[in-house]
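So you can see what is in the structure, the chains are spelled out below.
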Amino acid sequence: MLGDAGPMTDDVVHDLSALRALYSAVGEASRVKEVDYLHPVYAAFIKAAPFLVLATSGPVGLDASPRGDAEWLVTILDQHTLLLPDRRGNNRIDSLENILADPRVGLLFLIPGVGETLRVNGSAEILATPALLDRFAVEGKRPRTVLRITVESVFFQCSRAVVRAGLWDPSRFADRASLPSAGDILAALSREAIDGADYDRALPERLRTTLY
């Protein structure tokens, strides 16, 4: 709970030397695992991952956006290039606005049941080529755009964070009913201008018919 820790005296770290002094030296394994291209061992993770988080930065602020697909979430064009279709969402396009101003991106790939995650850093550009959109159509529905990501850095993250979180442990899965529903959240934040109960009733069918 907030406030349980009691009063705190902050020891703020302001420089790299002070920060580095708090940590041990980087091990050889942590150094050698980072490469600047999509090595086949890393390509295997990307091909298996149905979910990633896309991080961007720009005039609308920092953004970390979830992206998921049943299969072929990301297509490997070559050892230095990924293609990520922008599937149907909320039309806020925060990530895309950021990329227009600052092409730097970070991707974190997750695979259900696997502890290791994969991190890719690089730059992105937004493509709207009709033939490319056709290539990524699902159920006859094309993405609005496709991100072409130029890979600059790739490395895997060990499983400690996932193990600590028990992320894939069914015994630690949350009971969805114990948390506010999407309708509850919207009703509260809109001061009841949005009918939360109506929103929740319509949501399952809307999800089913508007995934793509």
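Preceding block: the structure.
Residues numbered from 1 in each chain as written. Predicted model: local features only at pLDDT ≥ 70, side-chain atom pairs only at ≥ 80, totals over all residues. Heavy atoms only, no water.

Engineer: Can you lay out helix H3 (residues 40–48) for me, pointing to particular residues and giving the numbers?
Structural biologist: Those residues of H3 lying buried are Tyr-42, Ala-43 and Ile-46. In an axial view of H3, the angular spread of the buried residues amounts to 105 degrees, which keeps them on one side of the axis. Pointing more than 90 degrees away from the buried face of H3 are the exposed residues Pro-40 and Lys-47. Those residues of H3 hidden inside the fold are in contact with strand S3 (75–78), strand S4 (81–85), strand S5 (104–110), strand S6 (117–127) and strand S7 (146–157). (Buried < 20%, exposed > 50% of the residue type's maximum accessible area, 1.4 Å probe, protein only. Helix = DSSP H or I, 4+ residues; strand = E, 2+ residues; numbered from the N terminus. Arc of directions from axis to C-beta. Contact = heavy atoms within 4.5 Å.)

Engineer: Could you give an account of the pattern of salt bridges, with specific residues and numbers?
Structural biologist: Summed over all chains, the structure comprises eight salt bridges. The salt bridge partner of Arg-67 is Asp-86, with a shortest N-O separation of 2.7 Å. Note that Arg-67 is positioned in strand S2 (residues 61–68) and Asp-86 in the loop between S4 and helix H4 (94–101), a separation of 19 residues in sequence. Looking at Asp-86, the relative accessible area reads 14%, which means it is buried. A salt bridge links Arg-201 to Asp-198; the shortest N-O distance between them is 2.1 Å. (Salt bridge = Lys/Arg side-chain N within 4 Å of Asp/Glu carboxyl O.)

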